[in-house]
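Read off the chains here:
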Amino acid sequence: KRSMKKCFLYLLMVGGLGACIQSEPLNAEADITACKILNAKGLPETNIKGNIIINNAQVLAQANPSIDLTKLALEVTLTEGANISPEPARVMDYSHPQKFTVTSEDGNWHKEYSVIIDTFDLPLRYDFEHYELNETGKYQVFFEETQGTALFKQYIWASGNSGFALTGVGRNPQEYPTVSIENGIDGSRAIKLETKSTGQFGETVKMPIAAGNLFLGSFDVNNAVQKPLKATRFGLPFGKKPLQLKGYYKYTPGTQPFKAKDKNGNTVTIPGQEDEGDIYAVLYEAAELDGQALDGNNVLTSKNIVALARVEVEKKDEFTAFHVDFHYESRIPIDWPKFIQDQRDPSDDGTDEYLPFKEEKMKNYEYNLAVVFTSSKYGAYFAGSVGSTLCIDKVEIVCEK
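Bear in mind that the values here come from a model prediction, so they are computed numbers and not experimental data. (Residues numbered from 1 in each chain as written. Predicted model: local features only at pLDDT ≥ 70, side-chain atom pairs only at ≥ 80, totals over all residues. Heavy atoms only, no water.)

Enumeration according to the criterion identifies 16 aromatic pairs in this entry. Centroid distance Tyr 126 to Trp 157: 5.0 Å. Interplanar angle 80°. Geometry classified as edge-to-face. Placement of Tyr 126 in strand E8 (residues 125–126) and of Trp 157 in strand E12 (residues 157–158) is noted, with a sequence separation of 31 residues between them. Since its relative accessible area comes to 0%, Tyr 126 is described here as buried. Accessibility expressed as a relative area gives 5% for Trp 157, which makes it buried. Considering the side-chain rings of Trp 336 and Tyr 381, the 6.1 Å spacing of their centres and the 75° angle between planes classify their relative orientation as edge-to-face. Taken together, the residues span a long stretch of sequence, with Trp 336 in the loop between strand E27 (327–328) and helix H5 (338–341) and Tyr 381 in the loop between strand E28 (367–374) and strand E29 (389–399) at a distance of 45 residues. As far as burial versus exposure is concerned, Trp 336 and Tyr 381 are alike and both buried. Through a chain of ring-to-ring contacts, three or more aromatic side chains come together here, namely Phe 258, Trp 336, Phe 339, Tyr 378 and Tyr 381. The ring of Tyr 365 has Lys 49 sitting right over it, with the charged end atom 4.1 Å from the ring centre. (Phe/Tyr/Trp six-rings, centres within 6.5 Å; stacked < 30°, edge-to-face > 60°. Helix = DSSP H or I, 4+ residues; strand = E, 2+ residues; numbered from the N terminus. Buried < 20%, exposed > 50% of the residue type's maximum accessible area, 1.4 Å probe, protein only. Lys NZ or Arg CZ within 6 Å of the ring centre and 35° of its normal.)

Dropping the structure here:
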């Protein structure tokens, strides 16, 4: 049976306010929850690199160039009672994105998914020139373009915009925490991340702010309310050894009072605390991790980390260059403030040495790379100041030749 709390939150998310009935209704969810890619013989495709990412409306897999994209099939898991069309087990041509429609058990809801199999490695330079609106037109989605035999969109960037959509606060795409802006470096576009209030919805679920964020990976909107730290799934398969993280940023901390949560989950003001932005990149071993990705709980402290590069973000009114090295072996200590320590598991102190770098694992794409930007350093714990703004542009991962 679904709890009353879950029922209330679900009603908020679909925009209705009604009474939860005691009898179990037909399921109104229409999601792909898991996916495997099969070859023409119905066996698991061995050319898939790392984890398959499932976003709100996309299934994204990375594959070695030797894969035959023209003859693949899918094995999908759906939410209870849902059905999918066309039949994913049928062998199809995935040299271009294929679309599927998932319909809920009660027949009242449907969602269109694009299944994209990307045979390109992660790019090393990010100019943030490309975005489009999501399928409902509410917020922006960011991607890279790679030139192969045709122009290919790489949907490698994720943000919390889809979670912010649940609040009902953003009236148009420009009012969301993560947006594309003009006036970047050399007149190009850039990304603006701004910490926003989540309004009445946020007060109800004890999530008073939403930090602007952008990261390589995926955002699981189904966990956005109940397990928010699990919603951010950081990292994608990476087959190089990163040496340096560089780019440009400017940052203005918010002037509103700094809010955080106490050990009971209640929102409190931290006197004299100024917000900070955060920019970092993590190389880690993905095997045996939950979902083969790090999340908001462990992205900076996991025993699977191989290397970390982190920028000390300062207040800057103009775009300022940054460049930091990836630290291998010797772990960078993470100094959690008291208002965050109260919310963390004390056993997860992140004091172990980093895992040794193994070239063989790199070549087999057993490592993931996460690159993360946020307007509030502790925004994952709903701590920060409304109005804090981080702008980023021209980011590059410098790798060993």
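Having seen the structure, we can now continue with the description.
Next up on the list: the sheet that holds strand E7 (residues 110–118). Ordered in space as E2-E3-E7-E6-E5, the five strands form an open sheet in which the pairing is mixed. On the outer flanks of this sheet lie strand E2 (48–54) and strand E5 (83–85), each paired with one strand and no other. Going across the sheet, the axis of each strand differs from the next one's by a mean of 20°, ignoring polarity. The pairing of E5 with strand E6 (residues 98–103) spans three bridges and is classified as antiparallel. By the bridge assignment, Asn 83 is partnered in E6 with Thr 103. (Pairing = 2+ DSSP bridges. Axes fitted to C-alpha atoms, helices over the stretch in contact; angles between N-to-C directions.)

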